[in-house]
Amino acid sequence: MSLPSELVVGGARPLRGRLRVPGDKSISHRAYLIGAVASGRSRCTNLATGDDVHASRLAIEHLGVRVRTGRDGAVAIHGVGFDGLREPEVVLDCGNSGTTIRLLLGLLAPQSFHAVLTGDASLRARPMARVVEPLRAMGAAIDGRDGGAFAPLAVRGGASRGIRHELPVATAQVKSALLLAGAQTDGTTEVLEPARSRDHTERLLGALGAPIGVDGLTVRIRRTELGAFELDVPSDPSSAAFFAVAACITPGSDLVLEKLCCNPTRLGFVDVLRRMGADLEVVPTGDEGGEPVGDLHVRASALRATTISGDEIPRVIDEIPALAIAAAFADGTTEIRDAAELRVKESDRIGTIHQELSQLGIGVEPATDGLVIRGGRPRAALLKSHGDHRIAMAAAIAGHAIDGESIVRGWRAVGSSYPEFAAHLERLAGPS
Ligand code: S3P
């Protein structure tokens, strides 16, 4: 989909109706990467549509896995088993996608061939030592820029033994990389987290019958083989969060966001918005691939400030750009703490949220690990994505809820996760 470089928003038209946002990005990455090493043909529907997940698809194709999209949009992944991957002839370009590069590194660490992984300027600046070091402890030979701290990374396989690894920060990408390596190595791999991060890898591997066990904040896995699967990917709560906040702050809105992944590790934003006085209801509708699914009903309401910190942070880490906009429109001062991880996302989100809220005329103070946001009356502004899809969508919903016209520059960044975002916003807002 070709996207414009700028988006013009404004007018505070109420958002009404029903929307199914694209499939969950985290689950879609795992569907491709795990489908690649399952034995036989897996069939997936409602996979995420953005460039990030496309990078995972291209990567497994370069590793010798046949992938076909049918006329109905269903994707067939012809899995080759852990032993069937082949050495890629090209550098694996992970684009903007941290999940692709880190999970792929784990998947490839026990293989017996050479592969080079890289990405765009943002990805090449993101920390990789957190995944490279434990994979080296499993025996993998990995080289990279600055001793393996940054991509490009070259992996030559070699991971052969399980390890026990204590993560200094809660990160599902590193946890998942170690689990994907541990599924191919001798002994047990054990990963301990300081707080619970999203657990989609555990759920999908568990649903496929892998020897994986969760005990509090510890996950263990042993060597396994995986069978093919069918999966209808639930919709992405991180994408839905932007519409949920937009509905809260745009008077007269009344929205239903359908068939969302309601995994508790992903719904922290619903708890935060409820604390802020939002009118939200989650209605469970079923189960898919080990994940609970439900509809989220949101109506506009006055918001008040809150504090977001501690163990709640991993459950809202991707939603903080949306929640920062809720805070900007809320009554009182919101504090976000213990969120230093925001500095190493697709942009330094503490810096970029600070800049964009300031443009909107909101009082905001950055800290090393968070932000203090004094809610008020945001004004129309010239806004920027900083090349970060979630900052682009945060800017768009803020601008949408203000009477005057705002512009979001660098709109193309939205293509990483949600290329249809502007079309969906326009459809829900109705004619002006
Ligand atoms: C993701 C994990 C999180 C999240 C990212 C997707 C995943 O990153 O921010 O958008 O799919 O595992 P970290 O593992 O770095 O916390």
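Small disclaimer: the values here were computed from a predicted structure and weren't measured.

Peer 1: How would you summarise the environment of Thr 118 if you had to cite specific residues and measurements?
Peer 2: Structurally, the position occupied by Thr 118 is in strand E7 (residues 115-118). Sequence separation of Thr 118 and Phe 329 is 211 residues, and the distance between their C-alpha atoms is 39 Å. Among all residues touching Thr 118, those that are not within four sequence positions of it are Val 91, Leu 92, Asp 93, Cys 94, Gly 95, Ile 101, Leu 123, Arg 124, Ala 151 and Pro 152.

Peer 1: Please give an account of the packing of helix H12 (residues 320-329) against helix H14 (residues 389-400) that cites residues and values.
Peer 2: One can describe the packing of H12 onto H14 by two numbers: an axis separation of 8 Å at closest approach and a directional angle of 25°. Classified by the angle between their axes, H12 and H14 sit roughly parallel to one another. Two packed elements cross with a definite hand, and for H12 against H14 that hand is right-handed. Taking contact as the criterion, the partners of Pro 321, Ile 325 and Phe 329 in H12 are, on H14, Arg 390, Ile 391, Ala 394, Ile 397 and Ala 398. The class makeup of the residues in the contact of H12 with H14 is seven nonpolar, no polar and one charged.

Peer 1: Give me the lowdown on the site of the ligand, citing residues and values where you can.
Peer 2: The ligand sits among Ser 26, Arg 30, Thr 99, Thr 171, Ala 172, Gln 173, Arg 198, Ile 317, Asp 318 and Lys 345. For the ligand, an oxygen atom lies 2.9 Å from a polar atom in the side chain of Thr 171. The side chain of Asp 318 places a nitrogen or oxygen atom 2.6 Å from an oxygen atom of the ligand. Expressed as a share of its isolated accessible area of 390 Å², the protein-covered part of the ligand is 95%. The set of elements that each furnish at least two residues to the shell around the ligand consists of helix H1 (25-37) and helix H7 (172-182). Counted by class, the shell around the ligand contains two nonpolar, four polar and four charged residues.

Peer 1: Go over the pattern of salt bridges with me, naming the residues and quoting the values.
Peer 2: Per the counting criterion, the structure on display carries 30 salt bridges. In this structure, Arg 198 engages Asp 318 in a salt bridge whose closest nitrogen and oxygen atoms are separated by 3.0 Å. With a gap of 120 residues between them, Arg 198 in the loop between strand E11 (189-192) and helix H8 (200-207) and Asp 318 in the loop between helix H11 (313-316) and H12 connect regions that are remote in the sequence. Using a relative accessible area of 10% as the deciding quantity, one classes Asp 318 as buried. Through salt bridges with shared partners, one network takes in Arg 126, Glu 346, Arg 349 and Asp 388.

Peer 1: Requested: an account of the sheet that holds strand E9 (residues 150-155), with residues and values cited.
Peer 2: Read across the sheet, four strands follow the order E6-E7-E9-E8 without closing on themselves; strand pairing throughout is mixed. At either end of the open sheet lies a strand with only one pairing partner, and these are strand E6 (92-93) and strand E8 (142-144). Sheet analysis places E6 next to E7, joined by two bridges and oriented parallel. Bridging from a neighbouring strand, Leu 92 pairs with Leu 117 of E7.

Rules and cut-offs
- Residues numbered from 1 in each chain as written.
- Predicted model: local features only at pLDDT ≥ 70, side-chain atom pairs only at ≥ 80, totals over all residues.
- Heavy atoms only, no water.
- Helix = DSSP H or I, 4+ residues; strand = E, 2+ residues; numbered from the N terminus.
- Contact = heavy atoms within 4.5 Å.
- Axes fitted to C-alpha atoms, helices over the stretch in contact; angles between N-to-C directions.
- Parallel < 35°, antiparallel > 145°, perpendicular 65-115°, else oblique.
- Left-handed = near helix turned anticlockwise from the far one by under 90°.
- Nonpolar A, V, L, I, M, F, W, Y, C, P; charged D, E, K, R; others polar.
- Near = heavy atom within 4 Å.
- Polar contact = N/O pair within 3.5 Å; in protein donor to acceptor, adjacent residues only side chain to side chain.
- Areas by Shrake-Rupley, 256 points an atom, 1.4 Å probe, with all protein chains shown as cover.
- Salt bridge = Lys/Arg side-chain N within 4 Å of Asp/Glu carboxyl O.
- Buried < 20%, exposed > 50% of the residue type's maximum accessible area, 1.4 Å probe, protein only.
- Pairing = 2+ DSSP bridges.

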